[in-house]
Amino acid sequence: GADGAAATKSWSRTPLDLSVLHAVDADITLAMAALTTGLYRLKNPQMQAQIESGKLSIDKFVAAFSTGTFSASGSLEAGADEAALSLRATAKEVDIADLIHALRDYKLRIGPIRLGARMQGPVSASMTLSSSGASEHDLVAGLRGVAKIVGQPQTTFTGDAKRAGAISGLAGAVLGNRRNGLGKVGDLTRATGLLVAAFEGASTLNGDIDIQNGVIS
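Residues numbered from 1 in each chain as written. Predicted model: local features only at pLDDT ≥ 70, side-chain atom pairs only at ≥ 80, totals over all residues. Heavy atoms only, no water.

**A closer look at the overall build of the chain**
Consideration 1: Secondary structure summary: the chain contains six helices and 14 strands in total.
Consideration 2: When the 217 residues of the chain are sorted by exposure, 33% land in the buried category.
Consideration 3: For the chain, the proportion of contacts with a sequence separation of at least 24, taken over those separated by at least 6, is 55%.
Consideration 4: Split by element, the accessible area of the chain, about 12,900 Å² in all, is 55% carbon and sulfur. (Helix = DSSP H or I, 4+ residues; strand = E, 2+ residues; numbered from the N terminus. Buried < 20%, exposed > 50% of the residue type's maximum accessible area, 1.4 Å probe, protein only. Contact = heavy atoms within 4.5 Å. Areas by Shrake-Rupley, 256 points an atom, 1.4 Å probe, with all protein chains shown as cover.)

**Digging into the nonpolar core**
Consideration 1: Among the nonpolar cores identified, the biggest contains 19 residues, and Phe61 and Ile96 are the most heavily contacted of them.
Consideration 2: For this core, the secondary-structure elements that each account for two or more residues are β3 (40-52), β4 (55-65), β6 (83-95), β8 (113-120) and β9 (122-133).
Consideration 3: Not counting residues up to four positions away in its chain, the partners in contact with Ile96 are Leu103, Met119, Gln120, Gly121, Val123, Ile149, Pro153 and Leu205.
Consideration 4: Membership of the second largest hydrophobic core comes to five residues, among which are Leu18, Ile51, Ala78 and Ala83. (Core = buried A, V, L, I, M, F, W, Y, C linked by side-chain atoms within 4.5 Å.)

**Digging into the pattern of salt bridges**
Consideration 1: Under the defined criterion, the tally for this structure stands at two salt bridges.
Consideration 2: Of the charged contacts, one joins Arg104 and Asp98 as a salt bridge, the two residues approaching to 2.6 Å between their closest N and O atoms.
Consideration 3: The shortest N-O distance in the salt bridge between Asp208 and Lys148 comes to 3.1 Å. Residue Asp208 is located in strand β13 (residues 205-212), and its partner Lys148 is located in strand β10 (residues 144-151); the two are separated by 60 residues in the primary sequence. (Salt bridge = Lys/Arg side-chain N within 4 Å of Asp/Glu carboxyl O.)

**Overview of the pairing of strand β5 (residues 68-78)**
Consideration 1: Note that β4 and β5 share nine bridges and pair antiparallel. Bridge pairing in β5 links Lys55 to Glu77.
Consideration 2: Between the end of β4 and the start of β5, which pair antiparallel, lie two residues, with Ser66 showing a positive phi angle near 55°.
Consideration 3: Relative to β6, β5 runs antiparallel, the two sharing 10 bridges. Bridge pairing in β6 links Gly74 to Leu87. (Pairing = 2+ DSSP bridges.)

Here it is in structure tokens:
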């Protein structure tokens, strides 16, 4: 699992001021051409929400994202001493490289060899989270819930030079550089091709993620 202390280090410990949720009651309908938050860009987002008796309820949030769609609902309630948060979110048929930006260019480790790689392709993911706390730090540290991701992404090695160098090195490391060490494989060129076929291409992804006290496992 991730280090919980490191995960919450950058979040503010200043008490949240949610007095506005008690100051007004309102129905909210929102539509925009686009919404950018951090590394993510949502197209044509639409939201229906309401504020009543100190509670913000997001009944529906939908948008086009990547090659698919994103939807969410949830609530934020201002209590006497702390806030209560709940969130449900789903991404359908989106490119995994847009969902997890680190997969656009990463190092795939196979034994002693590190390969420059990229993962892309459609996946669907869902997440349910809840928490409570008096500050941003407390809310993040108290996050609990589950997430799931399924799909068939494809892995490709980045660049002809990286592929040739890294895979040849991998073939040598796994099969040995001596011709007689390759046995029925024949030669290093053919061994390289076999290793590319083994580690590159489509794969089935079906994973469950558990989140407790802000820590992913």
